[in-house]
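Single-letter residue listing:
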There are 2 protein chains.
Amino acid sequence: MTQDASTNRRIVLAARPHGMPTAQDFRLEQAPIPAPAEGEVLLRTLYLSLDPYMRNLMDEAGTEYAPGLALGQPMMGGTVSRVIDSRHPGFGPGELVLASAGWQDYAVAAGDTLTALGDLPQPSLALGGLGMTGFTAYVGLLDIGQPQPGETVAVAAATGAVGAVVGQIARLKGARVVGIAGGADKCRYAVEELGFDACLDHRAPNLAGRLAAACPDGIDVYFENVGGAVLDAVLPRLNHHARVPVCGLIAHYNDDAAPAAPDRRPQLMASVLQKRIRMQGFVILDHYAERFDAFRADMQAWLDAGRITLREDRVEGLEHAPAAFIGLLEGRNFGKLVVRVAPD
Amino acid sequence: MTQDASTNRRIVLAARPHGMPTAQDFRLEQAPIPAPAEGEVLLRTLYLSLDPYMRNLMDEAGTEYAPGLALGQPMMGGTVSRVIDSRHPGFGPGELVLASAGWQDYAVAAGDTLTALGDLPQPSLALGGLGMTGFTAYVGLLDIGQPQPGETVAVAAATGAVGAVVGQIARLKGARVVGIAGGADKCRYAVEELGFDACLDHRAPNLAGRLAAACPDGIDVYFENVGGAVLDAVLPRLNHHARVPVCGLIAHYNDDAAPAAPDRRPQLMASVLQKRIRMQGFVILDHYAERFDAFRADMQAWLDAGRITLREDRVEGLEHAPAAFIGLLEGRNFGKLVVRVAPD
């Protein structure tokens with residue numbers, strides 16, 4: 001189904017996945033293009049952000065910060081959109097905005113929920129390095145992880161949208177950075193292009209042993225994006241007074257139930273106690289008011305100075321969003337995953 | 001074996017326990033009274049502190065902050081001791097000191113490791129409310145838990161040496177306090193004598209349901225002394241931005257291996273993430289230099305004003321230390337457990 005100018009394609013939640021989502025859990029529908037009411041604008045989606053948290057919204061329970069989607073509801077997601085029609089005094093046709101228009105060609109949104117993007121040279125960066133994922137890296141690493149010069153920072157999902165920025169900021173702050181990623185090509189990229197001190201392939205054997213060798217002084221900050229076997233390998237290497245910002249747990253988003261034995265919680269708690277670990281979860285939505293301006297200023301300066309590299313994994317066409325999203329959960333993306341829904 | 005003036009009785013680690021220690025894991029020995037070298041003092045033990053952390057020292061691995069005891073070595077422990085003979089200029093015979101003389105009648109110690117106690121009216125309090133356990137409560141609650149007026153603080157092991165002080169300080173700071181303890185008598189005491197708002201018996205059925213009823217506004221600070229089933233009940237009640245000082249995990253100290261399925265770690269990590277929980281372990285040894293003076297001043301003022309009640313569970317005679325210690329691990333103590341080894 002391709003797009004024409006008179007209909008709105010949208011991808012809705014067709015069924016609740018058990019474990020890893022499949023193509024059948026999504027449905028591409030056609031609907032009339034909606035009309036904005038007073039105070040609203042009509043948006044054309046240019047870029048759609050695909051992010052791991054969306055998996056949680058496919059479950060009935062949702063998360064503590066967002067309820068689960070109802071069946072038949074369009075998949076949610078952040079977008080860079082163009083204003084087509086406006087009934088809000090703050091926005092005029094043609095403007096680019098940051099929105100949450102979801103997995104669809106068109107959406108109406110209250111003007112108050114939108115952020116004007118001006119003439120950003122690469123607008124899709126507003127979904128990644130200059131937007132939510134970059135901001136997530138910044139707050140989690142600097143406010144919670146608080147790396148000090150000479151400390152060792154370990155980063156899970158090291159070439160993902162968040163992890164790649166975490167590692168680069170940690171290097172800028174004088175830390176030694178060890179990434180963990182899935183595949184030799186990603187690890188090579190993390191070292192050669194992102195400047196990590198080391199990067200380990202979690203798909204190769206003996207991650208724990210290789211991590212110990214790569215972190216001779218232990219780990220002072222572990223930026224947690226993954227959980228599961230990566231956390232198993234990291235835990236014994238954490239130093240006294242280590243900080244663990246908990247940003248994501250992609251290894252578990254497809255869990256239908258608690259994994260079978262053994263119960264690793266007592267061991268985790270004992271490590272927290274004996275090593276005086278500070279482990280802190282965060283949800284980036286909480287931090288925009290107080291920290292986004294500082295982030296944007298710092299990140300823009302780093303980008304302008306060529307000190308941060310951002311890699312985008314771009315998929316063409318809304319209809320490919322489900323497959324791309326499943327690939328993200330399988331670790332097949334390489335960089336920030338965005339769907340180009342319409343030309344800039 | 002009773003004490004005479006010419007021998008030193010000491011209780012040594014006879015065997016490494018599997019699970020709960022038994023009497024056979026300890027051995028009461030006689031040895032000559034040791035003689036102090038230059039810079040050392042000879043100490044007579046008056047009071048011996050018994051504390052859950054000692055269980056960890058009976059395992060070969062020990063802890064991150066103290067190695068395991070060798071077989072045949074005297075059990076370690078904090079003491080209030082009297083100086084019998086001194087070859088250190090700072091101490092003279094007859095003085096009372098805080099020491100780590102272990103489970104024995106006599107010990108020599110380097111003078112630099114001792115703290116003079118002056119003429120404390122109730123010297124054994126230097127092992128409890130005015131000493132390590134009170135200080136543990138103070139630092140864990142105030143520095144990590146940071147309760148705000150009107151918040152709900154849940155305290156595990158609520159009538160134990162640490163928990164009872166945690167709950168009373170939390171009340172003084174304007175929080176609502178819900179204790180969890182083992183037995184109706186302890187729960188009654190926590191409410192009627194310590195002033196807790198509620199206290200739940202974890203041995204009675206449906207702790208989770210009763211905890212939910214007792215915490216209608218959720219839990220903002222959970223002071224973790226226990227782990228296991230108590231943590232299971234608390235976790236769903238934790239509020240967003242809850243703080244969890246991790247002080248002890250007595251439910252697990254006798255674990256020989258990771259408990260059988262299910263693996264509760266992913267659920268814990270998901271709660272930390274989604275609820276933005278800050279969980280932080282601490283070991284009180286780290287905090288003496290910067291915080292002990294403030295603690296002593298505050299605690300002495302609270303005691304003088306009758307705002308804190310301290311309960312001691314006193315056992316008479318060194319030879320009863322093993323049974324008392326096993327009782328502590330089983331939750332049979334009621335208040336700070338001390339052994340009176342010799343008259344003041």
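This structure is a prediction, so every number in the text was calculated from the model and none was measured.

What counts as what
Residues numbered from 1 in each chain as written. Chains lettered and ligands numbered in written order. Predicted model: local features only at pLDDT ≥ 70, side-chain atom pairs only at ≥ 80, totals over all residues. Heavy atoms only, no water. Helix = DSSP H or I, 4+ residues; strand = E, 2+ residues; numbered from the N terminus. Rg over C-alpha atoms; globule rule 2.2 N^0.38 Å. Buried < 20%, exposed > 50% of the residue type's maximum accessible area, 1.4 Å probe, protein only. Areas by Shrake-Rupley, 256 points an atom, 1.4 Å probe, with all protein chains shown as cover. Lys, Arg positive; Asp, Glu negative; His and termini not counted. Charge placed at Lys NZ, Arg CZ, Asp CG, Glu CD. Domains from an automatic or database assignment. Contact = heavy atoms within 4.5 Å. Buried area = accessible area lost by both parts, 1.4 Å probe. Salt bridge = Lys/Arg side-chain N within 4 Å of Asp/Glu carboxyl O. Polar contact = N/O pair within 3.5 Å; in protein donor to acceptor, adjacent residues only side chain to side chain. Nonpolar A, V, L, I, M, F, W, Y, C, P; charged D, E, K, R; others polar. Least-squares fit on C-alpha atoms with pLDDT ≥ 70 in both. Pairing = 2+ DSSP bridges. Right-handed = clockwise from strand over helix to strand, strands pointing away.

A. Up close: the overall build of chain A. Check the secondary structure of chain A and you find nine helices and 15 strands. Computed over the C-alpha atoms, the radius of gyration of chain A is 20 Å, within 12% of the 20 Å expected from 2.2 N^0.38 for a compact globule of 344 residues. Taken over the C-alpha atoms alone, chain A extends approximately 60 × 45 × 35 Å along its principal axes. Per-residue burial over chain A gives 56% buried out of 344 residues. Accessible surface computed for chain A: about 13,300 Å², of which carbon and sulfur atoms make up 51%. Separation between the mean location of the 30 positive side-chain charges and that of the 39 negative ones in chain A comes to 5 Å.

B. Seen up close, the domain arrangement of chain A. Residues and elements named next belong to chain A. What the domain assignment lists for chain A is domain 1 (7-128 + 311-340) and domain 2 (132-284). Taking only C-alpha atoms into account, the centre of domain 1 sits 28 Å from that of domain 2. The partner domain 2 presents 14 residues to the 24 residues of domain 1 that form the contact. Across the interface of domain 1 and domain 2, roughly 1,500 Å² is buried in total on both sides, 54% from carbon and sulfur atoms. Applying the counting rule to domain 1 against domain 2 returns zero salt bridges. In this structure, the connection of domain 1 to domain 2 is made through five residue pairs in polar contact (both at pLDDT 80 or more). Elements that contribute at least two residues to the side of domain 1 that touches domain 2 include exactly helix H1 (54-57) and helix H9 (321-329). Residue composition of the side of domain 1 that touches domain 2, by class: 10 nonpolar, seven polar and seven charged.

C. Up close: the interface of chain A and chain B. At the junction of the two partners, chain A supplies 43 residues and chain B supplies 43 residues. Surface buried jointly by chain A and chain B totals about 3,700 Å² across both partners, of which 63% is contributed by carbon and sulfur atoms. Of all residues in chain A, Arg265(A), Met269(A) and Leu273(A) give up the largest surface area on contact with chain B, accounting jointly for 21% of the area buried on that side. Along the contact surface separating chain A from chain B lie six salt bridges. Arg264(B) serves as the salt-bridge partner of Asp263(A), at 3.1 Å between the closest nitrogen and oxygen.

D. Fine view of the relation of the copies chain A and chain B. Once chain A is rotated about the relating axis by 180 degrees and shifted along it by 0.0 Å, it coincides with chain B to within an RMSD of 0.0 Å. When the rotation and shift are considered jointly, the pair of chain copies conforms to a two-fold rotation axis.

E. Structural context of the pairing of strand E10 (residues 198-201) of chain B. All names here are of chain B. Here E10 shows two buried faces, one formed by Ala198 and Leu200 and the other by Cys199 and Asp201. Note: strand E9 (residues 176-181) against E10, four bridges, orientation parallel. The residue bridging Ile180 from the neighbouring strand is Leu200, located in E10. A crossover connection joins E9 to the parallel E10 through helix H4 (residues 184-192); in handedness this β-α-β unit is right-handed.

F. Structural view of the pattern of salt bridges. Residues and elements named next belong to chain A. Scanning the entire structure with this criterion turns up 36 salt bridges over all chains. Notably, a salt bridge pairs Asp105 with Arg9, separated by 2.8 Å at the nearest N-O pair. With Asp105 in the loop between strand E5 (96-99) and strand E6 (106-110) and Arg9 in strand E1 (residues 7-13), this residue pair connects regions lying 96 residues apart in the sequence. Across the pair, Arg9 and Asp105 agree in class, each one buried. Residue Asp51 pairs with Lys336 through a salt bridge whose shortest N-O separation is 3.2 Å. Pair noted here: Asp51 is in the loop between strand E3 (40-49) and H1 and Lys336 is in strand E15 (residues 336-340), with a separation of 285 residues, a long-range link.

G. Representation of the environment of Pro123(A). Residues and elements named next belong to chain A. Among the structural elements, Pro123 can be located in the loop between strand E7 (115-116) and helix H2 (132-145). Overall, Pro123 belongs to the buried group, its relative accessible area being 6%. Expressed as a C-alpha distance, the spacing of Pro123 and Ser81, which sit 42 residues apart in the sequence, is 9.4 Å. Apart from residues no more than four positions distant in its own chain, Pro123 is found in contact with Val80, Leu96 and Asp344.

H. Representation of helix H2 (residues 132-145) of chain B within the structure. All names here are of chain B. Among the 14 residues in H2, 12 count as buried, and that is most of the element. Burial in H2 covers these residues: Thr133, Gly134, Phe135, Thr136, Ala137, Tyr138, Val139, Gly140, Leu141, Leu142, Ile144 and Gly145. Two residues or fewer past H2, Gln146 is found with a positive phi of approximately 45 degrees.

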